[in-house]
Each structure stands twice: as structure tokens, then as C-alpha cells.
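# Examination of the molecular architecture
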Amino acid sequence: TWHLKKIPQIVRERTFSLDSPKFEAKTKLELNSVCGIECQRKLPVPSLSDLKNLLSYETVFENGTRTLTEVNVLGAVLDPAANTTTRRPSRKKRQIYGTDSRFSIYDKRFMTNFPFNTAVKISTGCSGILVSPKHVLTAAHCLHNGKDYVKGSKRLRVGLMKTKSRGNGRKRKGAKRNSLPSFQWTRVKSTHIPKGWFKGVSGDIALDYDYAVLELKRPHKRKFMELGISPTIKMMPGSMIHFSGFDNDRSGLLVYRFCSISDESNDLFYQYCDAEPGSTGSGIYLRLKEPNKKKWKRKIIAVYSGHQWVDINGEQQDYNVAVRITPLKYAQICFWIHGNDGNCTQG
């Protein structure tokens with residue numbers, strides 16, 4: 001069941017104008033030298049002043065101007081057991097673990113219906129998910145490398161799926177099953193990235209803040225997916241998560257997968273979902289029951305950050321990682337979507 005939680009408040013304090021970014025960073029769909037499982041275990045719990053700094057955010061507008069917004073955090077509960085993880089057997093270096101368990105979605109009836117139609121393509125090469133009529137959730141590193149915005153983010157666009165049939169356009173028997181997605185591209189009006197993602201604020205890149213929200217220039221009319229607070233592994237049916245994205249090795253196709261989570265910290269899930277670059281930034285979702293109702297509801301509980309190499313006990317090992325939507329992150333993303341905290345008190 002989805003459990004309602006009281007959400008901390010993110011309150012805007014001051015907004016400053018900053019110099020325009022250079023937009024010179026290279027897009028990297030796979031990150032190196034990040035704080036991994038061992039490093040996460042040693043991280044101290046952030047203080048309230050740390051949180052105010054980490055959750056302050058930059059906004060870049062379509063015309064290249066940039067602002068920094070400082071925030072206050074009200075009602076946050078600081079968890080002293082935040083970064084405990086469970087040790088599991090190590091894995092070998094690869095992005096497809098054993099048999100490739102990904103599903104390519106060919107059928108138009110699935111592709112253009114919920115939940116698959118909430119997946120979008122980001123023009124920098126990543127994926128994202130629709131979270132309102134005008135907003136997309138994705139990974140921060142699709143837009144910013146920790147020091148500067150990536151080249152392609154200056155004229156950022158989001159591709160919403162539409163379908164075209166193979167062949168000369170005439171309807172044929174079975175055409176529904178032979179559809180390829182094409183994209184209706186929409187310009188991005190503004191981009192929000194938490195300050196915790198930037199190098200110099202959190203030392204080296206901390207995956208905890210690898211998320212961003214894009215505001216579209218024009219609203220769309222399709223169904224989007226709501227945000228949810230990420231439950232612990234124990235509270236998930238079979239510890240299973242689901243996500244869809246546009247993996248680079250299956251060009252032009254939407255790829256769906258589900259798998260179980262292996263480890264968790266307060267801010268991250270570690271899992272072995274089969275995924276290739278391109279699916280980074282996908283929204284990870286669960287289907288749970290609504291409180292006191294018989295209805296089931298899918299909600300986004302994490303953002304897929306991608307495939308990572310880390311040193312564990314002197315050996316390079318890999319895992320796939322996702323950034324959990326904690327109550328604090330829910331409050332921030334909800335604030336970005338609505339522009340106030342009044343709609344974000346219960347998650």
C-alpha cells in the first residue's frame with residue numbers, strides 16, 4: 001500500500017542572478033569516480049544547514065540566463081541510520097547481467113498508452129518521464145557534469161512519443177504491431193538542478209542529487225505519472241521495480257524492464273536491471289494499492305542514474321544505481337512543479 005507521509009517544506013528564501021553558463025561540458029552517459037556503496041556507508045548525515053545548501057538550486061532559462069535560489073527546509077527529520085546498506089555478492093563488469101531481460105515495445109497499443117507513453121527522450125541522449133502537463137523528471141548528469149552544463153543543453157528539447165507505421169503510410173493488416181515510435185519535439189523553457197549535484201558543494205559528485213526537472217515550453221495533453229515517496233525494499237512486492245527508456249543499443253525503440261533491488265541506502269537503490277546508456281534518467285516506478293481503496297496506482301519512486309564503476313575493497317565492481325525519491329526530494333520536485341509548497345504537504 002502507498003502510505004501517506006508528512007512532507008518537509010521547501011521554502012524559497014532568495015534568488016540571485018548568475019553569469020550565463022558556458023555550455024561546454026561533454027555529455028557522459030556513464031559516470032566514473034562517484035561515491036559508491038562503500039563510500040555511501042561512510043557519509044555523515046547532513047545537518048539542517050547542509051540540507052539548505054544541497055537543496056538550493058540553479059535554474060537555467062531558454063535564453064541562457066541563470067539564477068540560484070536559496071531555500072529553507074522546514075520539518076525535516078534527520079535519520080542517523082541513513083546510509084546503512086546490506087552487503088550482497090559481487091558481480092562482474094557488465095551492463096547486461098546474464099540473459100538480457102529487457103522487452104522492446106513494438107505494439108502501438110502499449111506504446112501509446114499509460115504507463116509506457118510517460119517515457120520521453122531528452123535531446124542530450126537520455127530518457128525522462130512526464131510528471132505533470134509541463135514537467136519532465138530526468139537525471140542531472142544528462143544536463144550538467146558537476147562543473148558546467150553540457151553542450152546540448154543550451155537548446156534542450158524533449159521528445160514525446162508518437163507512432164508511425166513502417167512502409168508507405170498505407171494501413172496494412174498487422175500495422176499496429178509494426179509501428180516505430182517517432183518523436184514530437186518540444187523546447188524546454190527552464191531547467192532546475194539541485195546544488196548538491198555540483199562539484200565543490202558536495203566534494204566529488206554525489207549521486208544522491210542526480211536528478212533534474214525540465215519545464216516544457218508548451219504543455220502536452222497526455223497522462224503523466226505522479227510522484228511517490230520511495231518505500232524501503234521490505235515494503236515492495238517482491239522488491240521489484242519497473243522502468244522504460246530509450247536504450248542506445250535498440251535505436252528508435254522503447255525498452256521496458258523490471259528487476260529486484262539488491263541494496264539500498266537512504267538515498268540510493270542498487271540493482272542489476274539490464275540497461276544500456278540512453279535509458280539514464282528514466283523514471284522508476286512501482287504499482288501499489290491506494291490507502292483504503294481497491295485501486296492500484298503506479299507512482300515514480302526513483303530516477304535511474306545509470307551504470308557505475310566503483311572501487312570496493314580495492315577491486316573495480318559495477319552496479320546499476322537509482323536515486324530514491326525521499327520525502328525531502330519529493331518536497332523539492334513538487335515545489336519545482338507547482339511553484340509553491342501548498343500542493344506538496346502529503347506524499
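Note that this is a predicted model, so its numbers are computed, not measured. (Residues numbered from 1 in each chain as written. Predicted model: local features only at pLDDT ≥ 70, side-chain atom pairs only at ≥ 80, totals over all residues. Heavy atoms only, no water.)

## Here's the deal with the overall build of the protein chain
Along its length, the protein chain carries 4 helices and 17 strands. Across the 347 residues in the protein chain, those meeting the buried criterion constitute 54%. Nonlocal contacts in the protein chain, meaning residues at least 24 apart in sequence, comprise 74% of its contacts between residues at least 6 apart. Taken as a whole, the protein chain presents about 16,200 Å² of accessible surface, with 49% of it coming from carbon and sulfur. (Helix = DSSP H or I, 4+ residues; strand = E, 2+ residues; numbered from the N terminus. Buried < 20%, exposed > 50% of the residue type's maximum accessible area, 1.4 Å probe, protein only. Contact = heavy atoms within 4.5 Å. Areas by Shrake-Rupley, 256 points an atom, 1.4 Å probe, with all protein chains shown as cover.)

## Brief notes about the confidence of the model for the protein chain
For the protein chain, the average pLDDT comes to 79, and 73% of its residues sit at 70 or higher. In the model, residues 80-94 has pLDDT below 50 throughout and makes 38 contacts with residues more than four positions away in sequence or in other chains. (pLDDT = per-residue confidence, 0-100.)

## As for unusual backbone geometry
Keep in mind that most residues, glycine aside, have a negative phi and that most peptide bonds are trans. Despite not being glycine, phenylalanine 23 has its phi angle at roughly 55°, a positive value. Inspection of the secondary structure puts phenylalanine 23 in the loop between strand 1 (9-18) and helix 1 (37-42). Judged by its relative accessible area of 7%, phenylalanine 23 is buried.

## Some points on the packing of aromatic side chains
For any pair of aromatic rings, the description rests on two quantities: the centre-to-centre distance and the angle between the ring planes. What the rule picks out here adds up to 7 aromatic pairs. Centre to centre, the rings of phenylalanine 23 and tyrosine 149 are 5.9 Å apart; their planes meet at 50°, and the pair counts as tilted. With phenylalanine 23 in the loop between strand 1 and helix 1 and tyrosine 149 in the loop between strand 7 (135-138) and strand 8 (157-165), this pair connects stretches of sequence that are 126 residues apart. Of the residues examined, tyrosine 149 reaches a relative accessible area of 3% and is grouped as buried. Between phenylalanine 183 and tryptophan 185, the ring centres sit 5.7 Å apart and the planes meet at 50°, which makes this aromatic pair tilted. Under the relative-accessibility criterion, phenylalanine 183 is labelled buried at 17%. (Phe/Tyr/Trp six-rings, centres within 6.5 Å; stacked < 30°, edge-to-face > 60°.)

## Thoughts on the side chain of threonine 138
Mapped onto the secondary structure, threonine 138 falls in strand 7. Judged by relative accessible area, threonine 138 falls into the buried class, the value being 0%. Polar contacts involving the side chain of threonine 138 include one to the main-chain carbonyl oxygen of serine 127, which spans 2.8 Å. Beyond its immediate chain neighbours, meaning those up to four positions away, threonine 138 contacts Ile122, Cys126, Ser127, Gly128, Leu143, Asp210, Tyr211, Ala212, Leu214, Gly281 and Val303. (Polar contact = N/O pair within 3.5 Å; in protein donor to acceptor, adjacent residues only side chain to side chain.)

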